[in-house]
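Secondary and tertiary structure notes
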Amino acid sequence: MVHFSRNPVWRHIFILYCLTFAVILPLFTYRLKFSMYYQKLTETEGEKKLKNENNARLEIVDRYALTMDSKIIKSLLHTSRETDLSVTVITALRHSSSYKAKYLTQVVWTLLRLMLEAPSRDIHLSLQLSVCNVDSEPERHKEALELSSIVPVIERFGNNRKVPYTATVFEKEKQDYVFCLKAAQKSNPRYILALEDDALPNEDFFVVLNHVIHNHLDYKISKGEKTMNMDNITYVKLYHPERLQGFISLESERLPELFGLSTVLGTLLFYIYLKTLAKKTFSHSTVLLVLISFIIYVAGLVIAIGRPNINEVRHLFPPYLYGYTHAPHCCTPAMLFPASGAHMVTEYLEKTTCYVGFAKDTALFKFVTKLGHTARMVQPNLVTHIGLYSSIIKQAS
């Protein structure tokens, strides 16, 4: 029989729980987004914070752009090698405010920098970069026009091409996506990466992509051996909203991940406690209950901190700590397509009409689930969504 009142271990555990969940976490995580203790900023404070972060990124990009030799960029983008990966950045003019966020500029210059650094980081991919301007009046998208002197810019409605009637902005967005995928296919790359203009690549972007392409798409590890991949992957998502990445989810990997993390760290914590603070040996029943208490403690701790924040640890050791799982429904800021997948997706989307409640990400999810195709997702995100809001939803509303 376990005597809770007489055993000091329970006082220790009670103090640990109280200090952690009533003092330490509320004190240190109230500004940590996606934690249970997060105190949301006011709309004015939040917008000011985002603008300050955006201005800091712009300063870095501007300094880098000043030091970059245009000849080096041209040699980078004009290669005679067969293209492994064609990166296209899909953009349209944003009607936000007088504030010039210059998301497209940040994304393009970050991609250029990472592409130039690729050989030194042991990345064996022949890369191509272009901007796909889908604004109905391309000449008014000054940011894209300025970048056309640096990278190739493709215009959907250039040369006075007529803008077709679309019933909703969701249908136009889908048609824009199809156009840009088709344009990227013209150079016959093995893979196409479609980025939205506010999806800023992380520092380990091409490191992880290189690993995904060579170890999950071209080949796969089966029974300890590398073999040709015959899974026919349609696409790989490189971004999923952090608010949908929590442990409590219907996604198949989340609860096992929580259980595994809690068990391993809880057991480790239990062992440390036994070797440091425990003053006497316990009965078998007490040992089991104390171990379970530590496992529950760790589970509560990681849930309180938030899975998106826990996942940030994976960025420290790219690409080996990254997860490769089934792709969920939302969203499409960063999508990697094998050439065959891009062809199938464009054919399907051309025959599909999008509308409110059935945007292109929903159409893509239906394509892979209803028609028996395969889609994957890389975790954590390889891009950061830096847009202040979704221009599509704003227009639709």
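Within each chain, residue numbers correspond to sequence positions counted from 1 in written order. For this predicted model, a pLDDT threshold of at least 70 governs which residues receive local features, and a threshold of 80 or more governs which side-chain atom pairs are given and counted, while totals over whole chains, interfaces and linings are taken from all residues. Processing note: side-chain calculations cover all non-hydrogen atoms of the structure and skip hydrogens and water entirely.

For the chain, the name recorded in an unreviewed UniProt entry is Transmembrane protein 246, with Nematostella vectensis as its organism.

Moving on to the pattern of salt bridges. A pair can form between side chains of opposite charge whenever their charged atoms are brought close. A pair is scored as a salt bridge if a Lys or Arg side-chain nitrogen falls within 4 Å of a carboxyl oxygen belonging to Asp or Glu. Following the criterion strictly, the structure yields 19 salt bridges and no others. When the shortest N-O distance is used, the salt bridge between E117 and R113 registers 3.4 Å. Note that E117 and R113 are positioned in helix 4 (residues 103-117) at a spacing of 4 residues, about one turn of the helix. Residue burial is assigned from relative accessible area. The probe radius is 1.4 Å, only protein chains are included, and a residue is buried under 20% of its type maximum, exposed over 50%, and partly exposed in between. With relative accessibility at 28%, the residue E117 sits in the partly exposed group. In this structure, the salt-bridge partner of R140 is E137, at a minimum N-O distance of 3.9 Å. Here R140 falls in the partly exposed class, since its relative accessible area comes to 29%. Residue classification places E137 among the partly exposed residues on the basis of a relative accessible area of 38%. Each of the salt bridges in this network shares a partner with another, and the network as a whole consists of D84, R190 and D218. Comment: elements are numbered from the N terminus, with helices defined as DSSP H or I runs of at least four residues and strands as E runs of at least two.

Our focus in this paragraph is the domain arrangement of the chain. Annotation of the chain at the domain level lists domain 1 (10-40 + 247-305) and domain 2 (68-246 + 329-385). Between the C-alpha centres of domain 1 and domain 2 there is a distance of 40 Å. The contact criterion used throughout is that any non-hydrogen atoms of two residues lie within 4.5 Å. In this complex, domain 1 contributes 6 residues to the contact, which on the side of domain 2 involves 7 residues. Of the roughly 460 Å² buried at the junction of domain 1 and domain 2 (both faces included), carbon and sulfur atoms supply 42%. At the boundary of domain 1 and domain 2, one finds 0 salt bridges. Polar contact is defined as a pair of N or O atoms within 3.5 Å, subject to the rule that within protein one atom must be able to donate a hydrogen and the other to accept it, and that residues adjacent in sequence are counted only when both atoms are side-chain atoms. Applying the counting rule to domain 1 against domain 2 returns 3 residue pairs in polar contact (both at pLDDT 80 or more). Boundaries of every domain are those given by an automatic assignment or by a domain database. Once two parts are put together, the accessible area they lose, assessed with a 1.4 Å probe and summed over both, is termed the buried area.

A general tendency of soluble globular proteins is for nonpolar side chains to be buried together. Ranked by internal contacts, the top residues of the largest apolar core, which has 53 residues, are L129, L195, F205, F206, L238 and L336. Here this core gets 9 residues from one element, more than from any other, and that element is helix 4. I90, A184, L349 and A375 belong to the second-largest nonpolar core, a separate cluster that totals 28 residues. Nonpolar cores are built from buried Ala, Val, Leu, Ile, Met, Phe, Trp, Tyr and Cys residues. Side-chain atoms within 4.5 Å join them into one set.

Each aromatic pair joins two rings of Phe, Tyr and Trp (for Trp, the six-membered one) with centres within 6.5 Å, and gets the label stacked for planes under 30 degrees apart, edge-to-face for over 60, and tilted for any other angle. Applying the stated criterion across every chain, the model contains 11 aromatic pairs. Ring plane angle 50 degrees and centroid distance 5.9 Å describe the contact between Y17 and F21, whose orientation is recorded as tilted. With Y17 and F21 both in helix 1 (residues 8-28), this residue pair falls 4 residues apart, about one helical turn. On the basis of relative accessibility, which here comes to 22%, the residue F21 falls in the partly exposed class. With a centroid separation of 6.4 Å and an interplanar angle of 65 degrees, the aromatic rings of Y177 and F337 are classed as edge-to-face.

This next bit is on the sheet that holds strand 4 (residues 191-196). If you trace the 8 strands from one edge of the open sheet to the other, you get 3-2-1-4-10-8-11-9, paired in mixed fashion. Both outer strands of the open sheet, strand 3 (153-155) and strand 9 (323-326), are each paired with one neighbouring strand and no more. Neighbour-to-neighbour, the strand axes of the sheet open up by a mean angle of 25 degrees, direction not taken into account. The pairing of strand 1 (residues 85-91) with strand 4 spans 6 bridges and is parallel. Paired with T88 across the strands is A194, a residue of strand 4. Where helices are involved, their axes are fitted lines through C-alpha atoms of the stretch in contact, as for all axes, and angles between N-to-C directions lie from 0 to 180°. Against the sheet, helix 6 (residues 169-185) touches strand 1, strand 2 (127-133), strand 3, strand 4 and strand 10 (334-338), its axis set at about 145 degrees to strand 4. Running at roughly 140 degrees to strand 4, helix 7 (residues 205-217) makes contact with strand 1, strand 2, strand 4, strand 8 (233-237), strand 9, strand 10 and strand 11 (374-379) of the sheet. For two strands to count as paired, DSSP must find a minimum of two bridges between them.

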